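# Structure assessment
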There are 2 protein chains.
Amino acid sequence: MVNIAVMGYGTVGSGVVEVINTNGKRINQRVGDEINIKYVLDLREFPGDPVQEKLVHDFEVIVNDPEVQIVAEVMGGIEPAYTFVKRCLQAGKSVATSNKALVAKHGAELLSIARDNNINFLFEASVGGGIPIIRPLNSSMTADEIEEITGILNGTTNYMLSKMFYEGADYDEVLKEAQDKGYAERNPEADVEGYDACRKIAILSSLISGQQVDFEDIHTEGITKITKQDMMYAKELGMTIKLLASSKRDGDHLHAIVAPYMLHREHPLYNVNDVFNAIFVHGNVLGDAMFYGSGAGKLPTASAVVSDIVDEAKHLNRNIMTMWDSEKLNLQPIADTSKKYFVRIKGDVDAMKAHLESKFGPIEIVKVEGLEDEFGFVTDVMTEGTYEEHAKEFPGILHMIRVEG
Amino acid sequence: MVNIAVMGYGTVGSGVVEVINTNGKRINQRVGDEINIKYVLDLREFPGDPVQEKLVHDFEVIVNDPEVQIVAEVMGGIEPAYTFVKRCLQAGKSVATSNKALVAKHGAELLSIARDNNINFLFEASVGGGIPIIRPLNSSMTADEIEEITGILNGTTNYMLSKMFYEGADYDEVLKEAQDKGYAERNPEADVEGYDACRKIAILSSLISGQQVDFEDIHTEGITKITKQDMMYAKELGMTIKLLASSKRDGDHLHAIVAPYMLHREHPLYNVNDVFNAIFVHGNVLGDAMFYGSGAGKLPTASAVVSDIVDEAKHLNRNIMTMWDSEKLNLQPIADTSKKYFVRIKGDVDAMKAHLESKFGPIEIVKVEGLEDEFGFVTDVMTEGTYEEHAKEFPGILHMIRVEG
């Protein structure tokens, strides 16, 4: 028997218990042993819920019980999660977590403690919910240099942008609808400002570079400035707008960013809609691959946590996870990164085109019906530094959105 | 140092050598040891190619060298691959293979020999080329009952159907183009008749059911009967036509099929175009997931073979692969499986509708411009047995295509 403890009986925690109860027989076959939930840690009581008899309020019960070999941390937040996880690992217990904030901030240290103790710290659920991505990066794409990883990593904003694209709705309208449906929180900042996606791409960047990428260093823009009009231009161009979290190699440098992007119809991420997430990976020999699925939700996230528990139960005294070094990686400054830019500008095309092309190279002009006193254009490829410098000369610029691919 | 041998220096074999030469440093870091290609087995000579100095013509050299710990079998075909792989495993050497025919036919036995010898028989490259799917099923989706796995598993036919959809081309035309581009062979039977996809879905079905699924038992139809006109109807219905290889659980039964299907625009596989492959998986707690990438090609396939070699080098004396039992699984007869059917029929809608609805339930009628003396309709959900029985009453039926989802 392998005894486990679940720390936190909220949405994901109750999902973990449900998944183990529902699929226990198959799970035990795969482990080759019986998984037993010995404790559930939560400050609250759950009268009438069968979990009540396993409920403990004191973390010390779990960390001091030598029978507990695996702990699922599904509390969220940095503290007390960090202290609890660290003490569990130091006590020789493997930990599976869904906590992206914890992994982004303390991943390097926790991985290193796990390795020293010959146990495991796994976090499949911290990025992309139920989508297998951490484990494929760790054990499938091992023949490749990963040159790019670009994801739609936040379901709330993807739901909102999909609505704006398909229904022509405006930002405030779709935010309200997402809140009414429970997809967005009353305080939606973590989603709509890109903070959630930022922590997730920090984790993936650390994993592919082998060094700590601090999420604070990642240039992060949300979707709050995206308008109905922007989406009309995107459609006219045969594109859509998605909030992308991306990490790309440029020679010896790594460049990471979270921002809304215009995306061509041919891009594998173009058709990822509603609350779905997807992660596009480019390897130097593999070429393009994409992983798609439910990026959040109780059961998909719990499925990923339980798959980590299964892996840990199969490797009780063997460290299987690639580490990243705690030495910080310096990301390439955003001003040095190159791409195309979609720009909306006030004024008359014919009068301005020559001046614009003298700065932005050959441009692709786009006009949208109903927006008569402005137009849009897509620049040639240039660094953001160069773009910003030239943009200063055009006070009529209304909005700039980066173009992917 | 971990010594390996590559059996077969064709497309995939030379890719394996190239991947190890290109990414050797990163690969060795991941293994924690140096991967060294000691032998390459091929009957031919390759004068001028650096591989020449590692070339051997006699399999006995490899199987009798105790220094060789891992063998990549990339020769293809059943014999002599089967005999060679079996002897390597019996001699305590792990094997990585891209050979779908071998795995579909002898997978159960070879996995069992590997387990008895505490080594590994891995075959990530045998399904979906570079797309990680075997390993995710084996080690990521372990919290789930897999209820469905449906893939676009053949790049040649997907290229052809994409051309037919987007360019309105007819079958013979796109086949010729695919042959000219080298995507289809001069004898295209294995691709266009669905035999290739059939072996791949047999492997995935064995994996998710834990029992041997014989590819001969899988109902297999190719794309040779798909016409330009069928595609026009699909477009009119907001659908496309894809060659799907699918395995679904229905209560205690498993149902497997390879056939062209009409697919709704909302289905994640709808937008998988050209030579790309993708595999859709539905787990009972995970929900929907999809894996997308290059299903064939020298380097993507070699990337998957080398990822198996890395896994085997990290687990030299530890069996990590879930087995399936050699006891054969009896698939659900196709006549008992339920779905909707798209039907093209000669005649006049108004005259026939009542009769059709009395047999096929409420039907969705579709007319295509230019096809005046016929029409199409989509039936209600019913078993294939029932459909076939009713279809006998309508001699004007021109074509039936199953509808997915």
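Residues numbered from 1 in each chain as written. Chains lettered and ligands numbered in written order. Predicted model: local features only at pLDDT ≥ 70, side-chain atom pairs only at ≥ 80, totals over all residues. Heavy atoms only, no water.

Heads up, the rule is: UniProt positions are given in the numbering used here, feature names are shortened, and annotations may be inferred rather than shown by experiment.
Chain A is annotated in an unreviewed UniProt entry as Homoserine dehydrogenase from Faecalicatena contorta. Regarding chain A, the relevant UniProt record gives this comment under Sequence similarities (unreviewed entry): "Belongs to the homoserine dehydrogenase family." Under the heading Catalytic activity (unreviewed entry), UniProt records this for chain A: "L-homoserine + NADP(+) = L-aspartate 4-semialdehyde + NADPH + H(+)".

### Overview of the nonpolar core
The cut-off we apply is this: Nonpolar core, defined: a set of buried Ala, Val, Leu, Ile, Met, Phe, Trp, Tyr and Cys residues in which side-chain atoms within 4.5 Å join the residues together. The cut-offs for exposure are 20% and 50% of the maximum accessible area for each residue type, with area from a 1.4 Å probe on protein chains only; residues under the lower value are buried, those over the upper are exposed, and the others partly exposed. Any two residues having at least one pair of non-hydrogen atoms within 4.5 Å are treated as being in contact.
Counting residues in each nonpolar core, the largest one holds 184 residues, and the members touching the most others are F121 of chain A together with F121 of chain B. If we skip the residues at most four places from it in the chain, F121 of chain A touches V85, L89, V95, T97, V103, G107, L110, L111, A114, E312 and M321 of chain A.

### Focus on the sheet that holds strand β2 (residues 35-41) of chain A
Residues and elements named next belong to chain A. Under the convention used in this document: By this definition, two strands are paired if DSSP reports at least two bridges between them. Segments assigned H or I by DSSP are reported as helices when at least four residues long, segments assigned E as strands when at least two residues long, and all are numbered from the N terminus. The angle between two axes is taken between their N-to-C directions and runs from 0 to 180 degrees, where each axis is a line fitted to C-alpha atoms and a helix contributes only its stretch in contact.
What the 6 strands build is an open sheet, ordered β3-β2-β1-β4-β5-β6; its pairing is parallel. Taken across any chain shown, the strands that pair with only one partner, and hence form the sheet edges, are β3 (55-56) and β6 (121-122). Across 2 bridges, β2 lies against β3 in parallel orientation. Within β3, the position partnered with L41 by the bridge is V56. Relative to β2, helix α1 (residues 11-31) is tilted by about 165°, and along the sheet it contacts β1 (2-7) and β2.

### Here's the deal with the domain arrangement of chain A
Filter applied, for reference: Note that the domain bounds reflect an automated or database-derived domain assignment.
In terms of domains, chain A is made up of domain 1 (2-129 + 298-315), domain 2 (137-294) and domain 3 (335-403). Of note, the centres of domain 1 of chain A and domain 3 of chain A, computed from C-alpha atoms alone, are 50 Å apart.

### With respect to the pairing of strand β19 (residues 397-404) of chain B
Residues and elements named next belong to chain B. Counting buried residues in β19 gives 6 out of 8 residues, a clear majority hidden from the surface. Looking at chain direction, strand β11 (residues 253-264) and β19 are connected through 3 bridges and run parallel. Looking across to β19, one finds that M262 is bridged to V403. Where strand β15 (residues 338-346) meets β19, 6 bridges bridge the pair, whose relative direction is antiparallel. Note on β19: the bridge partner recorded for Y341 is R402.

### Brief notes about the pattern of salt bridges
Pairing of side chains with opposite charge becomes possible as their charged atoms draw close. Defined as follows: Salt bridges are identified by distance alone: a Lys or Arg side-chain nitrogen within 4 Å of an Asp or Glu carboxyl oxygen.
Taken as a whole and assessed by the stated rule, the structure comprises 52 salt bridges over all chains. Counted as one network, the salt bridges with shared partners bring together E124, R135, D308 and D311 of chain A.

### Some points on the side chain of S205 of chain B
Residues and elements named next belong to chain B. Counted only if it meets this: Pairs of N or O atoms are called polar contacts if they sit within 3.5 Å, as long as, within protein, a hydrogen donor faces a hydrogen acceptor (for residues adjacent in sequence, only side-chain-to-side-chain pairs).
Here S205 is to be found in helix α9 (residues 195-209). When its relative accessible area of 0% is taken as the criterion, S205 is described as buried. A distance of 2.6 Å separates a polar atom in the side chain of S205 from the backbone oxygen of I201. Apart from the residues within four sequence positions on either side, S205 is in contact with V213, S247, L254 and A256.

### Things to note about the relation of the copies chain B and chain A
To keep things clear, this is the line we draw: For this overlay, a least-squares fit was computed on C-alpha atoms, restricted to residues scoring pLDDT of at least 70 in both copies.
Of the two same-sequence chains, chain B is brought onto chain A (RMSD 0.0 Å, axial shift 0.0 Å) by a rotation of 180°. Such a combination of turn and shift is consistent with a two-fold rotation axis. Nearest to the rotation axis, the C-alpha of F291 of chain B is located 2.4 Å from it, this being the minimum over chain B. Interface overlap between copies is the fraction of interface residues in one copy that are interface residues in the other; for chain B against chain A it reaches 100%, indicating a shared surface.

### Quick word on the packing of aromatic side chains
This is how the line gets drawn: For Phe, Tyr and Trp, where Trp contributes only its six-membered ring, two rings pair if their centres lie within 6.5 Å, and the inter-plane angle classes them as stacked under 30 degrees, edge-to-face over 60, or tilted in between. To sit over a ring, a charge needs its Lys NZ or Arg CZ within 6 Å of the ring centre and within 35 degrees of the ring normal.
A complete count under the given rule lists 29 aromatic pairs over all chains for this structure. Ring geometry for F59 of chain A versus F84 of chain A: centroids 4.0 Å apart, planes at 0°, classification stacked. Of this pair, F59 of chain A sits in helix α2 (residues 59-63) while F84 of chain A is found in helix α3 (residues 81-90), placing the two residues 25 residues apart along the sequence. Across the pair, exposure class does not vary: F59 of chain A and F84 of chain A are buried alike. Here the aromatic rings of F165 of chain B and Y166 of chain B are separated by 5.0 Å at their centres, their planes lie at 90°, and the arrangement is edge-to-face. Of the residues examined, F165 of chain B reaches a relative accessible area of 9% and is grouped as buried. Take Y166 of chain B: its relative accessible area is 48%, and that puts it in the partly exposed class. Among the aromatic side chains, those forming a connected cluster through ring pairs are Y341, F360, F375, F377, Y387 and F394 of chain A. A cation sits over an aromatic face here: R199 of chain B above F215 of chain B, 3.9 Å from the ring centre. Its guanidinium or amino end placed over the ring of F165 of chain B, K235 of chain B lies 4.8 Å from that ring's centre, counting from NZ or CZ.

### What to know about the interface of chain B and chain A
Definition in use: Buried area: the accessible surface (1.4 Å probe) lost by two parts on joining, summed over both.
Taken together, the contact pairs 42 residues of chain B with 42 residues of chain A. Buried surface at the junction of chain B and chain A, summed over both partners, amounts to about 3700 Å²; 49% is from carbon and sulfur atoms. The largest share of the area that chain B buries against chain A comes from T142, V285 and Y292 of chain B, three residues that together contribute 15% of it. Between the two partners, chain B and chain A, sit 2 salt bridges. A salt bridge links R26 of chain B to E145 of chain A, with the shortest nitrogen-to-oxygen separation between them at 3.7 Å. Across the chain B-chain A interface, the total number found is 19 residue pairs in polar contact (both at pLDDT 80 or more). For the side of chain B that touches chain A, the secondary-structure elements that each account for two or more residues are α1 (11-31), α5 (134-140), β13 (287-294) and α11 (298-314) of chain B. Counting residues per element, the side of chain B that touches chain A draws most heavily on α11 of chain B, at 8 residues.

### Regarding the environment of R135 of chain A
With respect to the helices and strands, the residue R135 of chain A is situated in helix α5 (residues 134-139). R135 of chain A sits 186 residues away from M321 of chain A along the chain, and the two C-alpha atoms are 8.4 Å apart. Here the side chain of R135 of chain A touches S140 of chain B through a polar contact of 3.3 Å, side chain to side chain.

### Digging into the confidence of the model for chain A
The condition is simple: What pLDDT expresses is the predictor's confidence in each residue, scored from 0 to 100.
Looking at chain A as a whole, its pLDDT mean stands at 96, while 100% of the residues score no less than 70. The ipTM, which scores confidence in the relative placement of chains, is 0.93 for this predicted complex, and the corresponding pTM is 0.95.

### Quick notes on the UniProt feature "binding site: NADPH" (unreviewed entry) in chain A
Residue and element names in this part refer to chain A. UniProt feature "binding site: NADPH" (unreviewed entry): in the numbering of this structure it lies at K100. In this structure, K100 sits in helix α4 (residues 100-116). Residue classification places K100 among the partly exposed residues on the basis of a relative accessible area of 26%. Ignoring anything within four residues of it in the chain, the contact list for K100 reads S126, D196, R199, K200 and I203.

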